Amino acid sequence: MRRQHVGWTAGAAAAVLVAAGAITYAVAEDSGGPDTGTPAADSADAGFARDMAVHHQQAVEMSYIVRDRTKNEEVRRLAYDIAQTQANQRGMLLGWLDLWGLPKVSADPPMTWMGMGDMPAGEDGALMPGMATNAEMKKLGTLNGKQAEVFFLQLMTDHHKGGVHMAQGCAAKCTVGVEKRLAQGMVEAQRSEIELMAGMLKERGAQPRS
């Protein structure tokens, strides 16, 4: 059984790499290739790619933490789906920055590309809207069962709300067509998951934090 699971995971990983490669190629065509029409380092396209890669990384970490803290298949399945989806998208975003010859980090504050660079600096690791603090991530790793499920669902709901806000910004401001479409897809998918998580919280006698 374990061997079958490993084989399936390897196959899924290969499919993700193929999809990421296809979309990266589409970006090269969409933006005119590496020599012409590529976004500037301070563009919304580059800013979104950098910031959302960081945002997604925390969601992936959070998802893997809760998978080790509960045996509930519904929560474990949701966490796995979020981890795989956002790890895949993060790879695309970083791949596009490589394709464009742009740095993966910036001296500008997070969210500058959305005109929010002057917002107060995030506290305790919560660098962007919706991100959990380091203390919250640590707390998630200490909980088990239903407590872990509820806290994860609350943290991920906040995380998705912040992600939707950022993705809407790219859908409005980004210029590379395939990146705009990815951002709009994030909006739709994460709104759907927010609704799903609201129902899962209700089943557990809890509700979103905000």
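Just above, that's the structure.
Calculation notes
- Residues numbered from 1 in each chain as written.
- Predicted model: local features only at pLDDT ≥ 70, side-chain atom pairs only at ≥ 80, totals over all residues.
- Heavy atoms only, no water.
- 1 Å grid on protein atoms, 1.4 Å probe; cavity = no way out; pocket = protein on both sides within 12 Å on 5 of 7 lines; lining within 4 Å.
- Points joined across faces, edges and corners; volume = space filled by probe spheres on them.
- Nonpolar A, V, L, I, M, F, W, Y, C, P; charged D, E, K, R; others polar.
- Helix = DSSP H or I, 4+ residues; strand = E, 2+ residues; numbered from the N terminus.
- Buried < 20%, exposed > 50% of the residue type's maximum accessible area, 1.4 Å probe, protein only.

Draft legend 1. Geometry of the layout of surface pockets. Each pocket or cavity is described by its volume, and for the largest pocket that value is around 290 Å³. Around the largest pocket sit 17 residues that line it, and Arg-50, Asp-51, Ser-106, Asp-108 and Pro-109 are the ones nearest its centre. Partitioning the lining of the largest pocket into residue classes produces eight nonpolar, four polar and five charged.

Draft legend 2. Structural context of unusual backbone geometry. Residues other than glycine seldom take positive phi values, yet Met-111 does so here, at roughly 75°. On the secondary structure map, Met-111 appears in the loop between helix H3 (73-100) and helix H4 (134-140). The backbone of Asp-124 sits at a positive phi, close to 50°, despite the residue not being glycine. Within the element layout of this structure, Asp-124 appears in the loop between H3 and H4. Its relative accessible area of 37% is what places Asp-124 among the partly exposed residues.

That's the geometry; what it means functionally is another story.
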